[in-house]
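Remarks on the overall topology
Take a look at the letters that make up each chain.
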Amino acid sequence: MGLDPGPRAVLVPDLGDELAGAVGRLERLLLSLRAAERAGAALPEPLADGAALAALRRLWRAVALTQGRRAVEARLAGRVYASCGRIEHVPLRLVDVDPVDVATLSAAAAALGAIALREPEGGDGGVPARGDLVAVAARISGLLDLADTAESIVLREYLAAAGPGGDVVLTSAVEEAYRITAARLDTMWPRGHSLT
């Protein structure tokens, strides 16, 4: 039995309502699977007994206050500016997440993918097994499990020193760290426009 590593600080972009909507759709799928399980369906380990649902909810509780209007209401909606002080970047905010919950969600994405391959669209017994929700689960876990790099560490330390909720003007060196980190986050959470 390994030691619990405890919470890990990660950088999460403020995606406005986009992340909240994705979490909501995934939660509805996991709730329908939980109902199917209670009706007698056998689910694989990361989905059984509501484990993935509980992990998703804990992760969302940690991340929610960094997103859109929730960040504004919590007074955590500080802006991030380029070194010139005029160009505004998509804010990246620090969040403590439990790596066990992230791993559970990642395993759930794999299990959902296996279910989607076995079942026709719409699922069995009304349980949706849609490929887009498999991708959402993988994208959320990937966003929260991005490996540290020298750039992400520099950026994380700079933002931590600035404190939550305040506006931040990046130095030239930190702006380069932002650019590199944001590009990596864009690969995990593709959007209509990039973070940079």
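Quick notes on the rules
Residues numbered from 1 in each chain as written. Predicted model: local features only at pLDDT ≥ 70, side-chain atom pairs only at ≥ 80, totals over all residues. Heavy atoms only, no water. Phe/Tyr/Trp six-rings, centres within 6.5 Å; stacked < 30°, edge-to-face > 60°. Lys NZ or Arg CZ within 6 Å of the ring centre and 35° of its normal. Axes fitted to C-alpha atoms, helices over the stretch in contact; angles between N-to-C directions. Helix = DSSP H or I, 4+ residues; strand = E, 2+ residues; numbered from the N terminus. Parallel < 35°, antiparallel > 145°, perpendicular 65-115°, else oblique. Left-handed = near helix turned anticlockwise from the far one by under 90°. Contact = heavy atoms within 4.5 Å. Core = buried A, V, L, I, M, F, W, Y, C linked by side-chain atoms within 4.5 Å. Buried < 20%, exposed > 50% of the residue type's maximum accessible area, 1.4 Å probe, protein only. 1 Å grid on protein atoms, 1.4 Å probe; cavity = no way out; pocket = protein on both sides within 12 Å on 5 of 7 lines; lining within 4 Å. Points joined across faces, edges and corners; volume = space filled by probe spheres on them. Nonpolar A, V, L, I, M, F, W, Y, C, P; charged D, E, K, R; others polar.

**Quick word on the packing of aromatic side chains**
The full count for this structure, using the stated rule, is zero aromatic pairs. The lysine or arginine in question, Arg 139, covers the ring of Trp 189, its NZ or CZ lying 4.0 Å from the ring centre.

**A word on the packing of helix α1 (residues 17–38) against helix α2 (residues 51–63)**
The geometry of α1 relative to α2 is characterised by a closest axis approach of 10 Å and an angle of 160 degrees between their N-to-C directions. The angle between the axes of α1 and α2 places the two elements in the roughly antiparallel class. Like other packed secondary-structure pairs, α1 and α2 cross with a definite hand, here left-handed. Every residue of α2 that contacts α1 at Leu 19, Ala 20, Val 23, Leu 26, Glu 27, Leu 30 and Leu 31 is listed here: Ala 52, Leu 53, Leu 56, Arg 57, Trp 60 and Val 63.

**Some details on unusual backbone geometry**
Positive phi, close to 55 degrees, is recorded for Asp 49, a residue that is not glycine. With a phi angle near 60 degrees, Arg 75 is a residue other than glycine that sits in the positive phi range. Looking at the element boundaries, Arg 75 is found in the loop between α3 (68–73) and β2 (80–81).

**A few points about the nonpolar core**
Counting residues in each nonpolar core, the largest one holds 52 residues, and the members touching the most others are Leu 26, Leu 47, Ile 140, Leu 144 and Leu 155. The greatest single-element share of this core, amounting to eight residues, is contributed by α1. In this structure, Leu 144 is in contact with Arg 8, Val 10, Val 12, Leu 59, Val 63, Val 97 and Val 102, ignoring residues within four places of it in sequence.

**Quick word on empty space enclosed by the protein**
Within the structure shown, the criterion is met by three cavities of 30 Å³ or more. For the largest cavity, the calculated volume is near 100 Å³. The wall of the largest cavity is formed by 15 residues, among which Val 10, Leu 11, Leu 146, Asp 148 and Ser 152 lie closest to the centre. Here the lining of the largest cavity gets four residues from one element, more than from any other, and that element is strand β1 (residues 8–13). Residue composition of the lining of the largest cavity, grouped by class: eight nonpolar, two polar and five charged. Around the second largest cavity, the lining residues are Val 12, Leu 19, Val 23, Leu 56, Leu 59, Trp 60, Val 63, Ile 140, Leu 143 and Leu 144. Among the secondary structure elements, those contributing two or more residues to the lining of the second largest cavity are α1, α2 and α5 (131–144). The leading source of residues in the lining of the second largest cavity is α2, at four residues.

**Thoughts on the layout of surface pockets**
Vacant regions in the atomic arrangement are exposed by a probe of water-molecule size rolled over the atoms. Within this model, the largest pocket holds a volume of roughly 270 Å³. Around the largest pocket, the lining comprises 19 residues; the ones closest to its centre are Leu 76, Arg 93, Leu 94, Pro 164 and Gly 165. Where the lining of the largest pocket is concerned, the elements lending two or more residues are β4 (92–97) and α6 (150–162). It is β4 that contributes the most residues to the lining of the largest pocket, four residues altogether. Taken together, the residues of the lining of the largest pocket break down into 12 nonpolar, five polar and two charged.

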